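Listed below are the residues making up each chain.
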Amino acid sequence: MKINKEDILKALETITVAGEGKSMVESGAVKNVITFADEVVVDLELSNPALHIRKRAEVDVIKAIHEKVYAKAKVKVNINIVQPKKVEESKAPEIKGKAIPGIKNIVAVASGKGGVGKSTVTANLAVTLSSMGFKVGLLDADIYGPSAPIMFDVAGEKPLSVKVDGRSKMKPIESYGVKILSIGFFTHPDQAVVWRGPMAAKALNQMIFDAAWGELDFLLLDLPPGTGDIHLSIMQSLPITGAVIVSTPQHVALADAKKGVAMFQQDSINVPVLGIIENMAYFTPDELPDNKYYIFGKEGAKNLSEDLKVSFLGELPLIQSIREAGDVGRPAALQVNTISQNAFVEITKNVVREVVERNENLAPTEAIKITTMAGCSAVKN
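This one's a predicted model, so the numbers in the text were calculated from it and none came from an experiment.

Peer 1: Any chance you could explain the packing of helix H8 (residues 251–265) against helix H9 (residues 300–308) here in plain terms?
Peer 2: Angle between the axes and distance between the axes: these two values describe a pair of packed helices. With their axes 11 Å apart at the nearest point, H8 and H9 run at an angle of 35° to one another. Where H8 crosses over H9, the two elements pack in a sense that is right-handed. Listed contacts from H9 to Leu254, Ala257, Lys258 and Val261 of H8 are Gly300, Ala301, Leu304 and Leu308. Classifying every residue of the contact of H8 with H9 by side-chain character gives six nonpolar, one polar and one charged.

Here it is in structure tokens:
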């Protein structure tokens, strides 16, 4: 069942915060409402720090949504306690999201469905950015199917603990000039990660905020396929500069890619979509280098980008060497003067262009959780 934000707000208008005569909505206690399928996240801001007041507010919100909107809704209530502002304090708007010090741009790479080469694209974007002189990090946020350790030939590595400002932090593994963290570093290759959403979100937050990333121009997030709990957790935790969607040209992949774009463009999420990349666009056999065979359809992702009015970042051919390079842990973009390297360079330039344009023309992205936000400065030319 799809839950509407308007229905949630109507339900919250029927309850009050203890000690106040107005409804939660009217008093301004409700700062944000996020709905996604049968999930609801409500951000409240209260001035009374008493535990029983907070608990009552949480129970009242959950009860109102279950009784007036949908009995089986999965409801999460975030409560932020603030002190009443003094008259002389600045009236500047509240800053949201929690930035990672030293990181200028956070780019999420997503796909509507699995198997379209999202992780391969992310890895090659990362090494291409690094070869261009940028400082790059890669967070493998695909908790249930981490692949970065294999693609960067560091599957046997373990992050070390380092002291930063008196605190112990994880030192990312570095390969080909890219700083990498993945849940794959902490699990056995044959071990399945069987975690519920909260456990996965906690592990992600540790890799995000308890890591010594240092100074980065780009942090690439390799998101899981689909649109779900991990995506919401990431976007609640970080002010993401923009998102890149990867798809193949076939209709079933494009249908899911369209949902991925729609997720980022929701009013309650509002993450700029930098563009769409078409992977496996065509096949050219070695013995017929001038021939192109459109196995999965022709220009499907390009047409989708035009329909959705987002940028088309480029196409990648279906080449055996790209798959082989990922399997042996040396991304194909490192192969000098090849079709694959040239394609990744062109796409990476387009991504950088879109990030620069986005930073010049749009306000910093707000994370969808009421905490703090930091702006993302434009990348260097």
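Peer 1: Please clarify how the sheet that holds strand E1 (residues 30–36) should be interpreted in this entry.
Peer 2: Within a sheet, adjacent strands bond to each other through the backbone by hydrogen bonds, running parallel or antiparallel. Strand order in the open sheet formed by three strands is E1-E2-E3, and the pairing between neighbours is mixed. The sheet is open, and its two edges are formed by E1 and strand E3 (74–81), each paired on a single side. Ignoring strand direction, the axes of neighbouring strands in this sheet form an average angle of 10°. Where strand E2 (residues 39–46) meets E3, eight bridges bridge the pair, whose relative direction is parallel.

Peer 1: Before we go on, may I ask you to explain unusual backbone geometry in this structure?
Peer 2: Excluding glycine, residues mostly carry a negative phi; peptide bonds, for their part, are mostly trans. One non-glycine residue, Tyr176, lies in the positive phi region at around 55°. Considering the arrangement of structural elements, one finds Tyr176 in the loop between strand E8 (173–175) and strand E9 (178–182). Even without being a glycine, Glu299 presents a positive backbone phi close to 55°. Mapped onto the secondary structure, Glu299 falls in the loop between strand E12 (273–278) and H9. On the basis of relative accessible area, Glu299 is assigned to the partly exposed category, the value being 31%.

Peer 1: What am I meant to see in the pattern of salt bridges here?
Peer 2: Pairing between side chains of opposite charge can happen when their charged atoms approach one another. Enumeration over the complete set of coordinates arrives at nine salt bridges. Linking Arg56 and Asp60 is a salt bridge whose minimum nitrogen-to-oxygen distance equals 3.4 Å. One end of the pair is Arg56 and the other is Asp60, both in helix H3 (residues 51–68) and four residues apart, which spans about a single turn. The partner of Glu354 in a salt bridge is Arg353, and the shortest N-O contact between them spans 2.8 Å.

Peer 1: Would you mind going over the packing of aromatic side chains with me for this structure?
Peer 2: Between two aromatic rings, the relevant description is the distance of the centres plus the angle of the planes. For the structure shown, the criterion picks out three aromatic pairs. Ring centres of Phe134 and Phe218 lie 5.3 Å apart, and the angle between their planes is 85°; this geometry places the pair in the edge-to-face category. On the criterion of sequence distance, the pair formed by Phe134 in the loop between helix H4 (118–131) and strand E5 (136–140) and Phe218 in strand E10 (residues 216–222) is long-range, its members being 84 residues apart. The residues Phe134 and Phe218 share a single accessibility class, namely buried. The side chain of Lys292 reaches across the aromatic face of Tyr282, ending 4.5 Å from its centre.

Definitions and limits used
- Residues numbered from 1 in each chain as written.
- Predicted model: local features only at pLDDT ≥ 70, side-chain atom pairs only at ≥ 80, totals over all residues.
- Heavy atoms only, no water.
- Axes fitted to C-alpha atoms, helices over the stretch in contact; angles between N-to-C directions.
- Helix = DSSP H or I, 4+ residues; strand = E, 2+ residues; numbered from the N terminus.
- Left-handed = near helix turned anticlockwise from the far one by under 90°.
- Contact = heavy atoms within 4.5 Å.
- Nonpolar A, V, L, I, M, F, W, Y, C, P; charged D, E, K, R; others polar.
- Pairing = 2+ DSSP bridges.
- Buried < 20%, exposed > 50% of the residue type's maximum accessible area, 1.4 Å probe, protein only.
- Salt bridge = Lys/Arg side-chain N within 4 Å of Asp/Glu carboxyl O.
- Phe/Tyr/Trp six-rings, centres within 6.5 Å; stacked < 30°, edge-to-face > 60°.
- Lys NZ or Arg CZ within 6 Å of the ring centre and 35° of its normal.

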